[in-house]
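Chain by chain, the residues:
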Amino acid sequence: MAMVRQVRVLVITMFDTEPEDGLGEGFRWRVREGLDTSVVVPGLCADFPLVHGRADGLWLLTTGMGESNAAASVAALALSGLFDLSQAYVLIAGIAGIDPAVGTIGSVVCADFAVHGGYAHELDAREIPASWPHGFVPLGASAPGKPPELRVPGEVYRLDESLRQAAASIGAGVELADDPAVAALRAEYPGAGSQGPAMLSGSSLTTSVFWSGHQLGARATSWVSDYTDRRGRYAVTQMEDNATLVALERATQAGLADLSRVAVLRAGANFDRAAPGKAAESAFTQDVGWTLAAENVWRVGSPLAAEIITNWDAWQHGVPARWAGVPL
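The rules behind the values
- Residues numbered from 1 in each chain as written.
- Predicted model: local features only at pLDDT ≥ 70, side-chain atom pairs only at ≥ 80, totals over all residues.
- Heavy atoms only, no water.
- Salt bridge = Lys/Arg side-chain N within 4 Å of Asp/Glu carboxyl O.
- Buried < 20%, exposed > 50% of the residue type's maximum accessible area, 1.4 Å probe, protein only.
- Axes fitted to C-alpha atoms, helices over the stretch in contact; angles between N-to-C directions.
- Helix = DSSP H or I, 4+ residues; strand = E, 2+ residues; numbered from the N terminus.
- Left-handed = near helix turned anticlockwise from the far one by under 90°.
- Contact = heavy atoms within 4.5 Å.
- Nonpolar A, V, L, I, M, F, W, Y, C, P; charged D, E, K, R; others polar.
- 1 Å grid on protein atoms, 1.4 Å probe; cavity = no way out; pocket = protein on both sides within 12 Å on 5 of 7 lines; lining within 4 Å.
- Points joined across faces, edges and corners; volume = space filled by probe spheres on them.

## Describing the pattern of salt bridges
Moving on, step 1. Tallying each qualifying case throughout the model produces 18 salt bridges.
Moving on, step 2. For Arg-54, the salt bridge identified is with Asp-56, shortest N-O distance 2.8 Å.
Moving on, step 3. By relative accessible area, which is 21% here, Arg-54 ends up partly exposed.
Moving on, step 4. By relative accessible area, which is 29% here, Asp-56 ends up partly exposed.
Moving on, step 5. A salt bridge links Asp-226 to Arg-230; its shortest N-O distance comes to 2.9 Å.
Moving on, step 6. Asp-226 gets classed as partly exposed once you look at its relative accessible area, which sits at 22%.

Right under this line is the structure:
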């Protein structure tokens, strides 16, 4: 019978590279955290077939990019019988596009909500009525801004607030990295986008489309607001969070995981729109921030993982009271 490994913290990243490339989300955890044990798990992404870990219960899963890879890899791990995730804290730690009205490249957002941005009717952009702000309509609704009448499982998740506050409080004491090339790009933006990297709160929008633009950004803001009953504010956009959370929710329903022990950290790797006065498509070539984002999300996530593992007696049965009530 295969050994069942007890997991205290499961870090989920979406892609990895060799350390010399500097771009990957996963290698910082593998190398810097000394993850010296590797386990083959059937059903994982062919590019990342191994789960890496340590004897004290820190493990790393790299899912592959996109919703399909994320959901399939997390489900494969949860159903493998090789790991006990029933008490594990799960840290989704990756990069994202960021709204320059909220933060900048290198900033780390500790998410309060994860909202799916793709369950929609979409009207051809060339045929949008003049009175509509965009062509995306919630499922079952008749126009943008109307409430959805067809709800889809997994479209919105409210992340556990106590764990979010703990992650934010621990992360607030971390010195974030910066980069001259990123600073030069940042200077082209006004407001929050022009400031240095910081620890932030906000909502994460999942969509399989790598979108960009001021109008689509406005749509993202209103979409998150509508789907969270005005409680969430769009901050970052990425391709996996809701898919990962769906798989963890199903595992929780089967008694294999605990969805209340999930935190989402996303670091801005690029702005979700071009700088004022720049061509709209220039946002697609913003490639100077990926390494910085991967670095800073590790810098914030690592002390959280260390706090949980080092003080497991205090964390085993839930977020300790000392970390509650510390809003970001």
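## Observations concerning the packing of helix α3 (residues 161–172) against helix α7 (residues 290–310)
Moving on, step 1. Between α3 and α7, the least distance of the axes is 9 Å, while the angle of their chain directions is 115°. Taken as a pair, α3 and α7 cross one another with a handedness that is right-handed. Where α3 abuts α7, its residues Ala-167, Ile-170 and Gly-171 lie against Val-300, Pro-303, Leu-304 and Glu-307.
Moving on, step 2. In the contact of α3 with α7, the residues fall into five nonpolar, one polar and one charged.

## Examining empty space enclosed by the protein
Moving on, step 1. Inspection of the entire model under this criterion finds one cavity of 30 Å³ or more.
Moving on, step 2. One number sums up the size of the largest cavity: a volume of about 40 Å³.
Moving on, step 3. Along its surface, the largest cavity is lined by Val-9, Tyr-89, Val-90, Leu-91, Leu-163, Ala-263, Leu-304, Ala-305 and Ile-308.
Moving on, step 4. Within the residue set of the lining of the largest cavity, elements represented by two or more residues are β7 (89–98) and α7.
Moving on, step 5. Class assignment for the residues of the lining of the largest cavity results in nine nonpolar, no polar and no charged.

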